[in-house]
Amino acid sequence: MGGCAGRRLSDSEGEEANPALRPPPQDRQGAHWKNAVGFWLLGLCNNFSYVVMLSAAHDILSHQRAPGNQSHVDPDPIPTSHNSSSRFDCNSVSTAAVLLADILPTLVIKLLAPLGLHLMPYSPRVLTSGVCAAGSFILVAFSHSVGISLCGVVLASISSGLGEVTFLSLTAFYPRAVISWWSSGTGGAGLLGALSYLGLTQAGLSPQHTLLSMLGVPALLLTSYFLLLTSPGPQDPGGEGEADTAARQPLINSEAPEWKPGSSSHLSLQERWTVFKVRTVALFELLFFRNTFLSHAQQYRWYQMLYQAGVFASRSSLRCCRIRHTWALALLQCLNLAFLLADVWLSFLPSIYLVFLIILYEGLLGGAAYVNTFHNIALETSSEHREFAMATTCISDTLGISLSGLLALPLHDFLCQLS
């Protein structure tokens, strides 16, 4: 790693030999909370643009630019419908197209990460992630067509995917408690992202101005990483884990450590299956109720907000509830998907409020599967392999979402042909 890393390791060894060299307890406690808040904010900011693009999916696809307006998502757009006679009130393109644009670049990044991403230092990765997130908001806000808007969604996906691989790898060099804070932050991104888009548009702000108002989030991401996180060093594990001596190296301004191929090969099939998500988000557009005070676009936004609320609650629950047999959560998600698909086909649920509860429950399952899987990996993986295991395991999560989106496209077209 170079002279700087070697000097830090020597300091750590000296502290173990002479406890008087250890930082005072209050300093260690301060570093603990800085890192906890830092990883929570990184999780929040990293997933924020991804969630906002999903929340804006119906607006991106269901409207064309009104005469005289300069943005594809300007106020008072003209609605277009693929099949006005369909009971689903379908768009010409499924919202699964936005889901795919929001997830496929992330999948590519995660698949290629073990091949060479470790050669890039952490700081340029984080900077690239922040710039892409800001670019996504600007491009979608000022776009003139669905195609350009989807390019903006792709930028959000690149930002989220690169950030997730980077920050999950970085958790290997901190006490295991930061995994809980990171997971809670990603859940907070879902809730705050969906709620802010819903609230601002409900309050009368145009989708364009709503997106532009969120440009402070990428700036907060960069601030949290460069100014808030401490370099991994001797820390109080706080009962959640321990900072390994080998991990006490300054990563923020140094080269990334070497990943070790094959280090995640001992992960159980149950853990891999649990992270392999089945997402029902692609069905939300088709869960349409005509006899309600909410428009189709508003219903979709509420679905997104409630799903993300469930994700936030369960991803923040690790200190209260830990689940070892996480495969059961994946099974329940599959059953939930089958139930909602049956309702889309048969329309047997009498009230939108029942759908609200089911979607909230789906979010609870997804969030719990995420945080408990990565926590279990952190417990069961050796310190030298933990960084690589964290980065590669999240591929399953993205692959599951990608397959859900691909399956939803033909399903959308088929159902929208029904009267």
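Every chain is numbered independently, its residues counted from 1 as its sequence is written. With pLDDT at 70 or above as the cut-off, local features in this predicted model cover only qualifying residues; side-chain atom pairs require 80 or more to be listed or tallied, and sums for whole chains, interfaces and linings still use all residues. Side-chain calculation: all heavy atoms of the structure are included, whereas hydrogens and water are not.

1. Overview of the overall build of the chain
Okay, so step 1: Counting from the N terminus, the helices are the DSSP runs of H or I reaching at least four residues and the strands are the DSSP runs of E reaching at least two. Assigned secondary structure in the chain consists of 14 helices and two strands.
Okay, so step 2: Residues classed as buried in the chain amount to 57% of the 419 residues present.
Okay, so step 3: Sequence-distant contacts in the chain: of pairs separated by 6 or more residues, those separated by 24 or more amount to 84%.
Okay, so step 4: Summed over all atoms, the accessible surface of the chain reaches about 16300 Å², with 66% contributed by carbon and sulfur. Partly exposed residues are those whose accessible area sits between 20% and 50% of the maximum for their type, while under 20% is buried and over 50% is exposed, using a 1.4 Å probe and protein chains only. Residue contacts follow a heavy-atom distance rule, with two residues in contact if any of their heavy atoms lie within 4.5 Å. Per-residue and other accessible areas follow the Shrake-Rupley method at a 1.4 Å probe size, with only the shown protein chains counted as cover for residues.

2. What about the state of the cysteines?
Okay, so step 1: In this description, the term disulfide denotes a pair of cysteine sulfurs within 2.5 Å. What the rule picks out here adds up to zero disulfides.
Okay, so step 2: Free cysteine Cys320: the closest other cysteine sulfur is in Cys321, separated by 8.1 Å.
Okay, so step 3: Take Cys320: its relative accessible area is 74%, and that puts it in the exposed class.

3. Let's talk about the environment of His58
Okay, so step 1: Structurally, the position occupied by His58 is in helix α3 (residues 57-62).
Okay, so step 2: Linking His58 and Tyr300, residues 242 residues apart in sequence, is a C-alpha distance of 7.2 Å.

4. Focus on the UniProt feature "transmembrane region" (unreviewed entry) in the chain
Okay, so step 1: Those places that UniProt annotates as "transmembrane region" (unreviewed entry) correspond, in this numbering, to residues 37-57, 93-113, 133-158, 179-199, 211-229, 327-346 and 352-371.
Okay, so step 2: End-to-end, the C-alpha atoms of residues 179-199 are 29 Å apart, and along that stretch the chain is 100% helix and 0% strand.
Okay, so step 3: Here residues 327-346 runs as 100% helix and 0% strand, with 29 Å between its end C-alpha atoms. UniProt positions are given in the numbering used here, feature names are shortened, and annotations may be inferred rather than shown by experiment.

5. A short note on the packing of helix α5 (residues 122-141) against helix α9 (residues 216-228)
Okay, so step 1: The axes used here are C-alpha line fits, helices contributing only the stretch in contact, and every angle between their N-to-C directions lies in the interval 0 to 180 degrees. Contact geometry for α5 and α9: axes closest at 8 Å, N-to-C directions at 165°. What the angle tells us is that α5 and α9 run roughly antiparallel. The chirality of how α5 crosses α9 is right-handed. Across from Tyr122, Ser123, Val126, Leu127, Gly130, Ala133, Ala134 and Phe137 in α5, the residues of α9 making contact are Pro218, Leu221, Leu222, Tyr225 and Phe226.
Okay, so step 2: Classification used: nonpolar for Ala, Val, Leu, Ile, Met, Phe, Trp, Tyr, Cys and Pro, charged for Asp, Glu, Lys and Arg, polar for all others including Gly. Classifying every residue of the contact of α5 with α9 gives 11 nonpolar, two polar and no charged. Working definition: roughly parallel below 35 degrees, roughly antiparallel above 145 degrees, roughly perpendicular at 65 to 115 degrees, and oblique for all remaining angles. Two helices crossing with the near one rotated counterclockwise from the far one by less than a right angle form a left-handed crossing, whereas a clockwise rotation gives a right-handed crossing.

6. Focus: helix α7 (residues 177-202)
Okay, so step 1: A helix is expected to span 1.5 Å for every residue after the first. With 26 residues, α7 ought to run about 38 Å at 1.5 Å a step, and its terminal C-alpha atoms sit 37 Å apart, in line with that.
Okay, so step 2: With 19 of its 26 residues buried, α7 lies for the most part within the structure.
Okay, so step 3: Looking one or two residues beyond α7, the residue adopting positive phi is Gly204, at roughly 110°.

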